[in-house]
Amino acid sequence: EWWNDLSYMGYRDPVIPYVSYHYSFNDDPECTRPNQRAAKIILGALSFRKMVVDGSLEPEKTKDALLCSHSYNFMFNACRIPDKPSDYCRTMPYSHETIVVMRNSQLFLFDFAPRGVQLTMEEIEEVLDRIVHVADSNAAVPVGILTADERDSWTDNRALLRQASPDNARILDEIESSAFIVSLEKDLPVTREEFSHAIWHGNGRNRWFDKPGQFVITDNNRAGFNGEHSMMDGTPTLRLVEYVIGYKPTADQLQPAASTTRQKGAVPFRKLTFVTPPAVVSAVKKAEAVFDSAIAKQHLKVLNFAAYGKEEIKRLGCSPDAFIQMVIQLAYTRLHKTARPTYESSMTRKFLHGRTETCRSVTNESVAWCRAMADASVSNSERVRLF
């Protein structure tokens, strides 16, 4: 708990862009519409959630040990809650079978298993179509941007929201207790950089950055995942998204059986409309300024390196991880003419409630090699020896 508090919950800068992370998905040739792709992603996520809920999800393993699965308790129906001096994670019963959809800075909620029968892909797509139609025909104060503010400010503004109306308190409860968020974005990213920015943060107004998992789908059918980092690291969510990407719905999940067919438009959803008095609107504007300023300072460049990969590195008798760490050090040394302490995460999930620990990959030997690479008088054979 002290580690979670020191490294995450007690951290007061905005979670985006400083803490949260994202995965960009490959295109899915089976899906031709964004809401179709969103529906397929939702089905995959619900299938994975079911294994978490019923305990059938097998623990991950290394060659000689099982890994702790404690982090999966915070994957669904959970939310980071802003508080002073430190945030906390709120978990809710899995009986909350709802999904929150965000579109055009508005929030909507639907039950994914009405009367105990899970919606099919066709039904989910149809609900999303209706949500998009409503959202694109209206506008709203982008309350979600408050989750991108500094944590102390968000703490104060969350209290302000709850005090403004009992409806606001109910809506916050519904967002925080939902299984996960689906963000349907109007973005049309083309380049790798545009795509990364779209999944990582978008314009900030159409997200709820406190949720552990948000699936993001853009209007040109691209998709990804945005993760809140406080209670989960990359390995559990990477397992989730790999499962979702590879998920193949069964025939009965695509369309409802004749005996259970609901009329088109029969699956209900609700718009979650916050009461936004002037004080809330003012807070939103300040949060927008904080977000826009922070994002403008971020430099992102995606390199698709195809000259060689891990197999070639292993053939040369080197660990791919160690190789990349040295690449990072060499690049930094060439750019800044000096070496700096470098952080690399190591997994500690062999231990109960283990998460990560820090490896310090800069050593006297690594610095000597970087200097040799910059010294034209050093022979290649000596550089190889130092490596």
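Residues numbered from 1 in each chain as written. Predicted model: local features only at pLDDT ≥ 70, side-chain atom pairs only at ≥ 80, totals over all residues. Heavy atoms only, no water.

Caption draft 1: Looking closely at the pattern of salt bridges. Scanning the model with the defined rule gives 35 salt bridges in all. The partner of lysine 186 in a salt bridge is aspartate 136, and the shortest N-O contact between them spans 3.8 Å. Here aspartate 136 lies in helix H4 (residues 121-136) and lysine 186 lies in the loop between strand E6 (181-185) and helix H7 (192-200), a separation of 50 residues in the sequence. Given the relative accessible area of 35%, aspartate 136 is considered partly exposed. (Salt bridge = Lys/Arg side-chain N within 4 Å of Asp/Glu carboxyl O. Helix = DSSP H or I, 4+ residues; strand = E, 2+ residues; numbered from the N terminus. Buried < 20%, exposed > 50% of the residue type's maximum accessible area, 1.4 Å probe, protein only.)

Caption draft 2: Up close: the pairing of strand E3 (residues 88-91). In the sheet, strand E2 (residues 78-81) pairs with E3 via four bridges, with the strands oriented antiparallel. Across the sheet, the residue bridging to arginine 80 is cysteine 89, located in E3. In textbook terms, the turn of a hairpin is the stretch between consecutive antiparallel strands, and for E2 and E3 this stretch comprises six residues. (Pairing = 2+ DSSP bridges.)

Caption draft 3: Looking closely at the nonpolar core. Membership of the largest hydrophobic core comes to 47 residues, with the highest contact counts inside it found for Ile42, Ile99, Phe110, Phe180 and Phe215. Tallying contributions element by element places helix H3 (residues 34-54) first for this core, with nine residues. Each residue touching phenylalanine 180, except ones within four places of it in the same chain, is listed here: Ile42, Ala45, Leu46, Phe76, Thr98, Ile99, Val100, Lys211, Gly213 and Phe215. Core analysis: the second largest hydrophobic core is formed by 31 residues, Val15, Leu109, Leu161 and Val280 among them. (Core = buried A, V, L, I, M, F, W, Y, C linked by side-chain atoms within 4.5 Å. Contact = heavy atoms within 4.5 Å.)

Caption draft 4: Main features of the packing of helix H5 (residues 151-164) against helix H6 (residues 166-177). Closest axis-to-axis distance for the H5/H6 pair is 6 Å, and the angle between their directions is 125°. As the angle between them shows, H5 and H6 are arranged oblique. Here H5 contributes Arg158, Leu161, Arg162 and Ala164 to the contact with H6, which in turn contributes Asn168, Ala169, Leu172, Asp173 and Glu176. Per-class residue counts for the contact of H5 with H6 are four nonpolar, one polar and four charged. (Axes fitted to C-alpha atoms, helices over the stretch in contact; angles between N-to-C directions. Parallel < 35°, antiparallel > 145°, perpendicular 65-115°, else oblique. Nonpolar A, V, L, I, M, F, W, Y, C, P; charged D, E, K, R; others polar.)

Caption draft 5: Summary view of the sheet that holds E6. Strands sit in the order E1-E8-E7-E6-E4-E5-E9 across an open sheet of seven strands; the sheet is mixed. The open sheet terminates on both sides in strands that have one partner only, identified here as strand E1 (21-24) and strand E9 (269-272). On average, each strand axis in the sheet is tilted by 25° relative to the strand beside it, whichever way the strands run. Examined bridge by bridge, strand E4 (residues 98-103) and strand E5 (residues 106-111) share six bridges and lie antiparallel to one another. Directly across from arginine 103, in E5, lies its bridge partner glutamine 106. The sheet contacts of H3 involve E4, E5, E6, strand E7 (213-218) and strand E8 (223-227), and relative to E7 the element is tilted by about 160°. This element, H7, spans E1, E7 and E8 of the sheet and lies at about 130° to E1.

Caption draft 6: Region of interest: the state of the cysteines. For the structure on display, the rule yields zero disulfides. We note that cysteine 370 lacks a disulfide partner, and the nearest cysteine sulfur, in cysteine 318, lies 13 Å from it. (Disulfide = S-S within 2.5 Å.)

Caption draft 7: Structural context of a nonpolar patch on the surface. Side chains of Leu303, Phe305 and Tyr308 sit close together on the surface and give an oily, nonpolar patch of about 350 Å² of accessible area. Relative accessible area serves as the criterion here: at 39%, tyrosine 308 is assigned to the partly exposed category. (Patch = residues over 30% accessible without salt bridge, like charges linked within 9 Å, V, L, I, M, F, W, Y side chains within 5 Å. Areas by Shrake-Rupley, 256 points an atom, 1.4 Å probe, with all protein chains shown as cover.)

Caption draft 8: Representation of the side chain of arginine 103 in the model. Checked against the element boundaries, arginine 103 lands in strand E4. Within polar-contact distance, the side chain of arginine 103 engages the side chain of aspartate 136 at 2.9 Å. (Polar contact = N/O pair within 3.5 Å; in protein donor to acceptor, adjacent residues only side chain to side chain.)

Caption draft 9: Here's a closer look at the packing of aromatic side chains. Here the structure, examined in full by the defined rule, presents 15 aromatic pairs. Between the aromatic rings of phenylalanine 48 and tyrosine 72, the centroid separation amounts to 6.3 Å while the plane-to-plane angle is 40°, which identifies the pairing as tilted. Taken together, the residues span a long stretch of sequence, with phenylalanine 48 in helix H3 and tyrosine 72 in the loop between H3 and E2 at a distance of 24 residues. Like phenylalanine 48, the residue tyrosine 72 is buried in the burial classification. Pairwise contacts between aromatic rings join Tyr21, Tyr23, Phe76, Phe180, Phe215 and Phe225 into one cluster. (Phe/Tyr/Trp six-rings, centres within 6.5 Å; stacked < 30°, edge-to-face > 60°.)

Caption draft 10: Spatial organisation of helix H8 (residues 234-245). The first and last C-alpha atoms of H8 sit 16 Å apart over twelve residues, in line with the 16 Å expected at 1.5 Å per residue. Burial in H8 covers these residues: Pro236, Thr237, Leu240, Val241 and Val244. Here the buried residues of H8 occupy an arc of 125° about the axis, which is enough to place them on one side. (Expected span 1.5 Å × (residues − 1). Arc of directions from axis to C-beta.)

Caption draft 11: Highlighting unusual backbone geometry. The peptide bond linking isoleucine 16 to proline 17 adopts the cis configuration, its omega dihedral lying at 15°. The phi dihedral of asparagine 221 is positive, around 75°, even though this residue is not glycine. Tracing the backbone shows asparagine 221 in the loop between E7 and E8.

Caption draft 12: The packing of helix H12 (residues 320-336) against helix H13 (residues 364-374), seen in detail. Between H12 and H13, the least distance of the axes is 10 Å, while the angle of their chain directions is 55°. As the angle between them shows, H12 and H13 are arranged oblique. Crossing of H12 against H13: the hand is right-handed. Facing Met326, Gln329, Leu330, Thr333 and Arg334 of H12, the residues of H13 in contact are Ser366, Trp369, Cys370 and Met373. Residues that form the contact of H12 with H13 fall into these classes: five nonpolar, three polar and one charged. (Left-handed = near helix turned anticlockwise from the far one by under 90°.)

Caption draft 13: The pairing of E6, seen in detail. In terms of residue burial, E6 counts as a mostly covered element, since five of its five residues are buried. In E6, alternate side chains face the same way, and those of Ile181, Ser183 and Glu185 on one face and Val182 and Leu184 on the other are all buried. When E4 meets E6, the two strands line up parallel, connected through four bridges. Of the residues in E6, the one forming a bridge with valine 100 is isoleucine 181.

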